[in-house]
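Structural overview
So the chains spell out like this:
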Amino acid sequence: MRPLRYSINVTLDGCCDHRAIPADEDLHRHHARNLGQADALLLGRVTYEMMEAAWRPPTPAGAMDPFAQTINAAKKYVVSSTLEQVDWNAELVRGDLAEAVQQLKRESGKGLFVGGVQLPLALTELGLIDEYEFVVHPRLAGHGPTLFAGLSKHVDLKLVSRLELGSGAVAMRYEPRR
């Protein structure tokens, strides 16, 4: 069974708006390593469209090559009821979210990697995320959006690893306490 891992960048005051997060080569290398530990990405429509606009070739001048290469090569599953079609090595996921994700997890392989805000909230509600990584950046943004807004119940987590990046950001990995 493939584990489903979630990773998100967040500021010290809880903002997860990608425009508020300072990105550098160290951060992109870290996320490229994360993506390299998965067979596929699971993305909602908003995250898929944002990532495709930012990273699909040709990538912007000065793009972090290892991350761009890794995300471009990755298989992507896109959860959307509004998109008619996807490309960029992607496949649409339709129907019951729990059933679809459980089926993807049952396939053999290294794992699945999910990003974004709304889809991980739904997957957390369903108890389907096996590992959470919060990359906390030493910045106060003063605005939202924030993570897990509207979560219906507490989810207790156990710290399994911690890594400090050169920028002072700290990547903390947690597993749900079951």
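Relevant structure appears above.
These numbers were taken from a predicted model, which means no experiment stands behind them. (Residues numbered from 1 in each chain as written. Predicted model: local features only at pLDDT ≥ 70, side-chain atom pairs only at ≥ 80, totals over all residues. Heavy atoms only, no water.)

1. Details of the packing of aromatic side chains
For the structure shown, the criterion picks out seven aromatic pairs. Ring centres 6.2 Å apart and planes at 15 degrees place the aromatic pair Tyr132 and Phe134 in the stacked group. Residue classification places Phe134 among the buried residues on the basis of a relative accessible area of 13%. Taking the centre distance of 6.1 Å and the plane angle of 55 degrees together, the rings of Phe134 and Tyr174 count as tilted. Of the two residues, Phe134 sits in strand 6 (residues 131-137) while Tyr174 sits in strand 8 (residues 170-176), which places them 40 residues apart along the sequence. Note on accessibility: Phe134 and Tyr174 belong to one class, buried. By way of ring pairs, the aromatic residues Tyr6, Tyr132, Phe134, Phe148 and Tyr174 are connected into one cluster. The ring of Tyr77 carries the charged tip of Lys75 above its face, separated from the ring centre by 5.2 Å. (Phe/Tyr/Trp six-rings, centres within 6.5 Å; stacked < 30°, edge-to-face > 60°. Buried < 20%, exposed > 50% of the residue type's maximum accessible area, 1.4 Å probe, protein only. Helix = DSSP H or I, 4+ residues; strand = E, 2+ residues; numbered from the N terminus. Lys NZ or Arg CZ within 6 Å of the ring centre and 35° of its normal.)

2. Thoughts on unusual backbone geometry
Cis geometry marks the peptide bond from Gly144 to Pro145; its omega dihedral reads 5 degrees. Positive phi is not limited to glycine here, since Trp88 has a value of about 60 degrees. Residue placement: Trp88 occurs in the loop between strand 3 (75-79) and strand 4 (90-93). Its relative accessible area of 6% is what places Trp88 among the buried residues. Unusually for a residue other than glycine, Phe148 sits at a positive phi of about 60 degrees. Summarising the element assignment, Phe148 is placed in the loop between strand 6 and strand 7 (157-164).

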